[in-house]
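# Structural features, examined
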Amino acid sequence: MKPKKNSTDFLHIGHKIQTWYSKNARDLPFRNTKDPYKIWICEIVFQQTRIAQGLGHYNRFIERFPDVKTLAEANENEVILHWKGLGYYSRAINIHKASKQIMTEFSGIFPSDYDDILTLKGVGKYTAAAVSSICFGERRAAVDGNFYRVLSRIFADDFDVSQTNAFSYFSELAFLIMPENAGDFNQAMMDLGSEICRPKNPDCGNCPVNDDCLAFALGKVSEFPVKTKKVKVENHSLKYYFVHRNNQFIIQQRGDDDIWKKLYEFLPEISSELVPFIKNAKTVNHKLTHRNLSIEIFDVEINSDLVWNEIISNKNLIVSDFEDSQKRSFPKPLENYIQNTLKD
DNA sequence: AACTCGGGGGC
DNA sequence: GCCCCAGAGTT
């Protein structure tokens, strides 16, 4: 059962959140700017990513690519290198594409209109709302996981956040409490959701709106938000051949149609002539959100120049070494393997 | 509407 | 082990 939500009854909640934010805002590098480029980058970096995890990447990214033009003129592999270890690598590829889009379609000026921002690669409803509200004063709710959590608890609303229309539903709820400044409100909701209204162990005692929170009054905070779609984890196995000779090893670049888009990897298979060169194998386990990977890595030591030269004559393969590999983005387990193998 | 995309951290 | 994190694109 949902309480009837009339339009003007809840505005004081947003004002309390705003007041709390003015005193308790987190000190973050993108907080004292309205540069749409920097806000855009930070919104992409922090999609599905904790602040603590992404801060270093954000700072390095902005330092190397301080504006749209610099980013658009950069090599895609260097952009992906700056995403190394962050995951969801299509974000890096799309950021790069979008920067070129801004150069060609918007004359290098970051678009100020919500619908224009929405046309950028990798920018969806959330990011377009965040950038347009924070940087250009548009009245949009940047509905993310924090909004789902805070609003579902305040209103004890059991709307399933895994439904496709959850964004528009909670956007309407957000407007019930949103003060004049949507940009500040959006950021306030993120900090409240992160610092107080946490997924587990919420700090309700220090919440500025605990008096207004229906879930808190009912003692049912832990029951919100409601999410029916569960994450399914499957086991998956991979094989790699670490083909090497004299501190050099063979790698190739992945495609963009699978996990680890455009990252580098060892050889997934070798010709039968190379089988006799296999020395040993070790298995590395790696957990992803949707898969448990078991990666078997065969050590293939080539002790013949003739064979080695035959291998590296293949133009699709890359001869790498430790120093070269540091300038490329590898999947985490393969990066670890390189570290562990070459430090001996 | 369902599926896919990473890696890290909290409990 | 399970869930979540400043979500978006594809099918």
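Quick caveat, the model's predicted, so the values are computed rather than measured.

This paragraph deals with the UniProt feature "domain: HhH-GPD" (unreviewed entry) in chain A. Following the UniProt record, one finds the feature "domain: HhH-GPD" (unreviewed entry) at residues 45-195. Here residues 45-195 runs as 64% helix and 0% strand, with 19 Å between its end C-alpha atoms.

As a further point, take the protein's contact with DNA strand B. Near DNA strand B you find 22 residues, and of these Arg50, Ile259, Trp260, Thr289 and Arg291 are the closest. Close to the protein, within 4 Å, the atoms of DNA strand B belong to sugar or phosphate groups at a rate of 54%. For DNA strand B, a base nitrogen lies 3.1 Å from a polar atom in the backbone of Leu86. At 3.1 Å from a phosphate oxygen of DNA strand B is found a side-chain nitrogen or oxygen belonging to Asp258. A per-class count over the surface near DNA strand B returns six nonpolar, 10 polar and six charged.

Counting across every chain of the model gives 22 aromatic pairs. When the centroid spacing of 6.0 Å and the interplanar angle of 85° are considered together, the rings of Phe159 and Phe170 count as edge-to-face. Of the two residues, Phe159 sits in the loop between helix H9 (145-154) and helix H10 (166-177) while Phe170 sits in helix H10, which places them 11 residues apart along the sequence. For Phe159, a relative accessible area of 17% translates into the label buried. A network of ring pairs unites the aromatic residues Tyr240, Phe242, Phe249, Tyr264, Phe266, Phe330 and Tyr337 as a single cluster. Stacked on the ring of Phe167, the Lys or Arg Lys125 has its end atom at 4.9 Å from the ring centre.

Looking now at the domain arrangement of chain A. When the parts of a complex come together, some accessible area is lost, and that lost area is often used as the size of the interface. By the assigned domains, chain A splits into domain 1 (11-223) and domain 2 (234-342). Just the C-alpha atoms count here: the centres of domain 1 and domain 2 sit 37 Å apart. With eight residues of domain 1 at the interface, the matching set in domain 2 holds 12 residues. Buried area between domain 1 and domain 2, both sides added, is near 930 Å², and the carbon and sulfur share of it is 58%. In this structure, the connection of domain 1 to domain 2 is made through two salt bridges. Taken together, the connections running from domain 1 to domain 2 amount to two residue pairs in polar contact (both at pLDDT 80 or more). Counting residues per element, the ones that place at least two in the side of domain 1 that touches domain 2 are helix H5 (76-81) and helix H6 (90-105). Per-element tally for the side of domain 1 that touches domain 2: the top contributor is H5, with four residues.

A few words now on the layout of surface pockets. As a volume, the second largest pocket reaches approximately 260 Å³. Surrounding the second largest pocket, Leu267, Glu269, Ile270, Ser271, Glu273, Leu274, Val307, Glu310, Ile311, Asn314 and Leu317 form its lining. A breakdown of the residues in the lining of the second largest pocket according to their chemical character gives six nonpolar, two polar and three charged.

Here we come to the protein's contact with DNA strand C. In the neighbourhood of DNA strand C, 28 residues make up the surrounding shell, with Phe30, Glu43, Gly122, Thr127 and Arg149 lying closest. Close to the protein, within 4 Å, the atoms of DNA strand C are drawn from sugar and phosphate at a rate of 67%. Gln48 places a polar main-chain atom, nitrogen or oxygen, 2.9 Å from a phosphate oxygen of DNA strand C. Contact distances for DNA strand C include 2.6 Å between a phosphate oxygen and a side-chain N or O atom of Thr127.

Turning to the pairing of strand E1 (residues 234-245), a few remarks are in order. Where E1 lies against strand E5 (residues 291-301), 11 bridges are found, and the strand directions are parallel. Within E5, the residue paired with Tyr240 across the bridge is Ile297. Note: E1 against strand E2 (residues 248-253), two bridges, orientation antiparallel. Residue pairing across strands places His244 opposite Phe249, the latter belonging to E2. In textbook terms, the turn of a hairpin is the stretch between consecutive antiparallel strands, and for E1 and E2 this stretch comprises two residues, one of which, Asn246, has a positive phi near 55°.

Calculation notes
- Residues numbered from 1 in each chain as written.
- Chains lettered and ligands numbered in written order.
- Predicted model: local features only at pLDDT ≥ 70, side-chain atom pairs only at ≥ 80, totals over all residues.
- Heavy atoms only, no water.
- UniProt positions renumbered as here; feature names shortened; annotations may be inferred.
- Helix = DSSP H or I, 4+ residues; strand = E, 2+ residues; numbered from the N terminus.
- Near = heavy atom within 4 Å.
- Polar contact = N/O pair within 3.5 Å; in protein donor to acceptor, adjacent residues only side chain to side chain.
- Nonpolar A, V, L, I, M, F, W, Y, C, P; charged D, E, K, R; others polar.
- Phe/Tyr/Trp six-rings, centres within 6.5 Å; stacked < 30°, edge-to-face > 60°.
- Buried < 20%, exposed > 50% of the residue type's maximum accessible area, 1.4 Å probe, protein only.
- Lys NZ or Arg CZ within 6 Å of the ring centre and 35° of its normal.
- Domains from an automatic or database assignment.
- Contact = heavy atoms within 4.5 Å.
- Buried area = accessible area lost by both parts, 1.4 Å probe.
- Salt bridge = Lys/Arg side-chain N within 4 Å of Asp/Glu carboxyl O.
- 1 Å grid on protein atoms, 1.4 Å probe; cavity = no way out; pocket = protein on both sides within 12 Å on 5 of 7 lines; lining within 4 Å.
- Points joined across faces, edges and corners; volume = space filled by probe spheres on them.
- Pairing = 2+ DSSP bridges.

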